[in-house]
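Structural overview
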Amino acid sequence: MKKLMTLALAAGLAISCASEASAIDFKAKGQWLMGFNLGQGSLVRRDAGRKVDYNDKFSAGQRVRFQLDAVASEALSGTVYFEIGDTTWGRAANGGALGADGKIVEVKRAYIDWMPPETDLKVRMGLQGMTLPNAAGGSAVLDDDVAGISMSYQFNENVGIVFSWARPLNDNYKRDEDGYVDPVTKTWVATPAGSSRDSYLDNVDVFALGLPLTFDGIEATPWVAYGMIGKNAFRGNGFRNATQDNFVSWTTSNYFGNRWNKTSNGLNRRDLQYGSAFWGGLPVKLTLWDPFNIEFDFNYGYVQSVGS
């Protein structure tokens, strides 16, 4: 009852504030895509003269993206971005079969943009597209939709600063364990029967800082990023369910080695609770010889293994 009263009070305050605020301007935009493919999926895959690729020669599909912006002022706005699809016509798994009742509406992004009063600091909070600084062909480290906070500030026309915190994974580890290593005593502690180690040390956090520099004929953004990786972040079904799109390409369980096994003497082979990750880069754009431009990225990074 107490929780219901708290929610009712919060809703009342929100309605009251909305009634006193200035009018909110709603803007909608999106895209509808239809695609039709005709052709053989593989031209050379044959085994002893027999065709190996049995993919359909013809397929049809669609995707809808819808973005709604609620703009209260230059200093406050909110955005929600939905995606319906990709839907292959006739396929039940993504809503394209007879009846078309698949649950395929996805929240791609949902964030608010705001600026603290009397400042030029720009803040974005929520599910957003986050890309580490790059110049040529996108970021090789992080370029995807992720939950987090990003901030930017422009000191003058030549120098700015950007900071971001992203939480790609957390609370996905769902697996009973027979025990764990106590971080203080360094001894193996058996988990009581029927208890669970859900969501234990399974978060990944990435902090990034960049310094955009713009001068005549040259743009550069030196940046660094630090990551904290819990030893259970990539264990259990939660990892497979929570990991999508390009994130798999730069965070894999084999690469990070997030395994912690009990040895014969009852101790973990490595008792690190969190592993560290570091990335740094220098993207550069040269327009001194316009219309000929030069763009390049220099990136470096390492990830500390947690477990054996």
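Residues numbered from 1 in each chain as written. Predicted model: local features only at pLDDT ≥ 70, side-chain atom pairs only at ≥ 80, totals over all residues. Heavy atoms only, no water.

A word on the overall build of the protein
What counts here: The way it works is that DSSP assigns letters per residue, a run of H or I at least four long becomes a helix, a run of E at least two long becomes a strand, and they are numbered from the N terminus. Per-residue accessibility, obtained with a 1.4 Å probe over protein chains only, is compared with the maximum for each type, and a residue is labelled buried under 20%, exposed over 50%, and partly exposed between these values. We call two residues in contact when some of their heavy atoms are within 4.5 Å. Surface exposure here means Shrake-Rupley accessible area, sampled with a 1.4 Å probe, where a residue is shielded only by the protein chains that are shown.
In terms of helices and strands, the protein carries four helices and 17 strands. Here the protein, with 308 residues, has 30% of them falling under the buried criterion. Within the protein, contacts between residues separated by at least 24 positions form 59% of all contacts whose residues are at least 6 apart in sequence. Entry remark: accessible area of the protein is about 19600 Å², with carbon and sulfur atoms responsible for 57%.

Considerations on the confidence of the model for the protein
To keep things clear, this is the line we draw: As a per-residue measure, pLDDT tells how confident the predictor is, with possible values from 0 to 100.
For the protein, the average pLDDT comes to 78, and 68% of its residues sit at 70 or higher. Segment residues 4-20 is flagged for pLDDT under 50; beyond a separation of four residues in sequence, or across chains, it makes zero contacts in the model. With pLDDT under 50 throughout, residues 237-270 is counted as low confidence; its partners more than four residues away or in other chains account for 74 contacts.

Regarding the packing of aromatic side chains
So the rule is basically this: For Phe, Tyr and Trp, where Trp contributes only its six-membered ring, two rings pair if their centres lie within 6.5 Å, and the inter-plane angle classes them as stacked under 30 degrees, edge-to-face over 60, or tilted in between.
With the rule as written, the count across this model stands at three aromatic pairs. Ring centres 5.5 Å apart and planes at 85° place the aromatic pair Phe36 and Trp89 in the edge-to-face group. Taken together, the residues Phe36 in strand 1 (residues 25-38) and Trp89 in the loop between strand 5 (76-88) and strand 6 (105-114) connect sequence positions 53 residues apart. On the basis of relative accessible area, Trp89 is assigned to the partly exposed category, the value being 44%.

With respect to the pairing of strand 17 (residues 292-303)
Cut-off, in case you're wondering: Two strands qualify as a pair provided DSSP detects at least 2 bridges between them.
Across eleven bridges, the pairing between strand 16 (residues 274-289) and strand 17 is antiparallel. Residue pairing in the sheet places Lys285 in a bridge with Glu295 of strand 17. In this antiparallel pair of consecutive strands, strand 16 and strand 17, the connection spans two residues.

Some thoughts on the nonpolar core
Going by this rule: Nonpolar core, defined: a set of buried Ala, Val, Leu, Ile, Met, Phe, Trp, Tyr and Cys residues in which side-chain atoms within 4.5 Å join the residues together.
The biggest cluster of nonpolar side chains holds 18 residues, and the ones touching the most others in it are Leu132, Val204, Trp223, Ala225, Ile229, Phe234 and Trp279. Elements with a contribution of two residues or more to this core: strand 9 (160-169), strand 12 (204-210), strand 15 (223-230) and strand 16.

Side note on the pattern of salt bridges
Our working rule: Salt bridges, as used here, are contacts in which a Lys or Arg side-chain nitrogen is within 4 Å of a carboxyl oxygen on Asp or Glu.
Within this structure, the stated rule accounts for six salt bridges. Of the charged contacts in the structure, one is a salt bridge between Asp145 and Lys108, with a shortest N-O distance of 3.0 Å. In this pair, Asp145 is assigned in strand 8 (residues 143-154) and Lys108 in strand 6, connecting sequence segments 37 residues apart. Asp205 is the partner of Arg167 in a salt bridge, and the nearest nitrogen-oxygen pair spans 2.9 Å. With Arg167 in strand 9 and Asp205 in strand 12, the pair connects residues that are 38 residues apart, well separated along the chain. By relative accessible area, Arg167 is classed as partly exposed at 31%.

Considering the pairing of strand 12
Burial analysis of strand 12 places five of its seven residues in the buried class, the great majority of the element. In terms of strand pairing, strand 9 meets strand 12 through six bridges, oriented antiparallel. Looking across to strand 12, one finds that Phe163 is bridged to Leu209. Pairing analysis gives seven bridges linking strand 12 to strand 15, with the strands arranged antiparallel. Bridged to Val204 within strand 15 is Ile229.

Some points on a nonpolar patch on the surface
For the record, the criterion: Patch criteria: residues need more than 30% relative accessible area and no salt bridge. Like-charged residues are merged within 9 Å; nonpolar side chains of Val, Leu, Ile, Met, Phe, Trp and Tyr are merged within 5 Å.
Together, Met34, Phe36, Leu38, Phe58 and Trp89 make up a nonpolar patch on the protein surface, roughly 630 Å² of accessible area in all. Ranked by the residues each element gives to the nonpolar patch, the list is headed by strand 1, at three residues. Position of Leu38 relative to the elements: it lies in strand 1. Relative accessible area serves as the criterion here: at 75%, Leu38 is assigned to the exposed category.

Some remarks on unusual backbone geometry
In this chain, Gly85 is followed by Asp86 through a cis amide linkage whose omega measures 10°. Here Asp86 shows up in strand 5. Cis geometry marks the peptide bond from Asp290 to Pro291; its omega dihedral reads 15°. With respect to the element layout, Pro291 can be found in the loop between strand 16 and strand 17. In the Ramachandran plot, Glu118 falls in the positive-phi region, its phi being about 65° despite a non-glycine side chain. Its location among the elements puts Glu118 in the loop between strand 6 and strand 7 (122-131). Of note, the phi angle at Asp171 is positive, near 60°, even though the residue is not glycine. With respect to the helices and strands, the residue Asp171 is situated in the loop between strand 9 and strand 10 (179-181).

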